[in-house]
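Residue-level structure breakdown
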Amino acid sequence: MIKKGMRRQIVLHYILVVFLALLLVEVIFLLAIRTYYYESIYTTITTHINTAEGYFQKYQISGETVPLQEVLDSFTLNNTELEILTLNGDMITSSTGFQPDRTITTSDVPEAAGGGIGRWVGRQAGTNESVMAVSKVLKIHGKDTFVLRYLTSVEGINADLLNLSLLSVGIGAAVLAIV
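Next up on the list: a nonpolar patch on the surface. Taken together, the side chains of V11, Y14, I15, L167, I171, V175 and V179 make up a nonpolar region of the molecular surface, amounting to roughly 600 Å² of accessible area. For the nonpolar patch, the secondary-structure elements that each account for two or more residues are α1 (6-55) and α5 (155-178). Relative to the helices and strands, V175 is located in helix α5.

Glancing now at the nonpolar core. By size, the foremost hydrophobic cluster in this structure holds 22 residues, and its most contacted members are I45, L82, M132, L148 and Y150. When contributions to this core are tallied by element, the ones reaching two or more residues are α1, α3 (68-75), β1 (80-85), β4 (130-140), β5 (143-153) and α5. Top contributing element to this core by residue count: α1, with six residues.

Before going further, it helps to examine the confidence of the model for the protein. Averaged over every residue, the pLDDT of the protein is 83; the share at 70 or more is 87%. Across the protein, α5 holds the top mean pLDDT of 92, while helix α2 (residues 57-62) sits lowest at 61.

As paired elements, β1 and strand β2 (residues 91-94) share three bridges and run antiparallel to each other. Looking across to β2, one finds that L85 is bridged to M91.

Let's shift gears to the pattern of salt bridges. Taken as a whole, this structure holds four salt bridges when the rule is applied. With a closest N to O distance of 3.0 Å, E39 and R119 form a salt bridge. In this pair, E39 sits in helix α1 while R119 sits in strand β3 (residues 118-123), placing the two residues 80 residues apart along the sequence. A residue is classified by how much of its surface remains accessible, and R119, at 31% relative accessible area, is partly exposed. In this structure, R149 engages D108 in a salt bridge whose closest nitrogen and oxygen atoms are separated by 2.9 Å. With R149 in strand β5 and D108 in helix α4 (residues 108-113), this residue pair connects regions lying 41 residues apart in the sequence. We note that R149, like D108, is buried. Where salt bridges share partners, they join E83, D108 and R149 into one cluster.

Rules used throughout
- Residues numbered from 1 in each chain as written.
- Predicted model: local features only at pLDDT ≥ 70, side-chain atom pairs only at ≥ 80, totals over all residues.
- Heavy atoms only, no water.
- Patch = residues over 30% accessible without salt bridge, like charges linked within 9 Å, V, L, I, M, F, W, Y side chains within 5 Å.
- Areas by Shrake-Rupley, 256 points an atom, 1.4 Å probe, with all protein chains shown as cover.
- Salt bridge = Lys/Arg side-chain N within 4 Å of Asp/Glu carboxyl O.
- Helix = DSSP H or I, 4+ residues; strand = E, 2+ residues; numbered from the N terminus.
- Core = buried A, V, L, I, M, F, W, Y, C linked by side-chain atoms within 4.5 Å.
- Buried < 20%, exposed > 50% of the residue type's maximum accessible area, 1.4 Å probe, protein only.
- pLDDT = per-residue confidence, 0-100.
- Pairing = 2+ DSSP bridges.

Rendered as structure tokens:
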């Protein structure tokens, strides 16, 4: 048994400092990894949306109407659902063929209608699946025509992040035990 004295207090303080340092490093590491994964998805989808917007500029010059099936066929991404919405969030068509009877009310659609690129991460209402949605208005003939909205699951990434978190906690516990 360790005597209650100066030596015990120094050892306990030393362990506390090491624990807090490990905790801080692990939290920063895990937040950085999560941000990296989510930003990678966002960047990929944003690049794809900008490519679609550039492609459909030809319709702005020629005055033709945009065939929505061509949008779906040309700009669908793997493991994502491409939805074409009205400016108020009503779904026109989808790459999966599934059309809900409701208006999309997530924050990405109004943000896109406001002129930017909207992003929303949350749980999908029907499936309770963790998803990321990225939306942007497609302008044809100089006016806002419809909203392109990409929806992708982040369940796999969240599972990988959980495994990485558990591994990180295990390594931190091993380092603390060695100390």
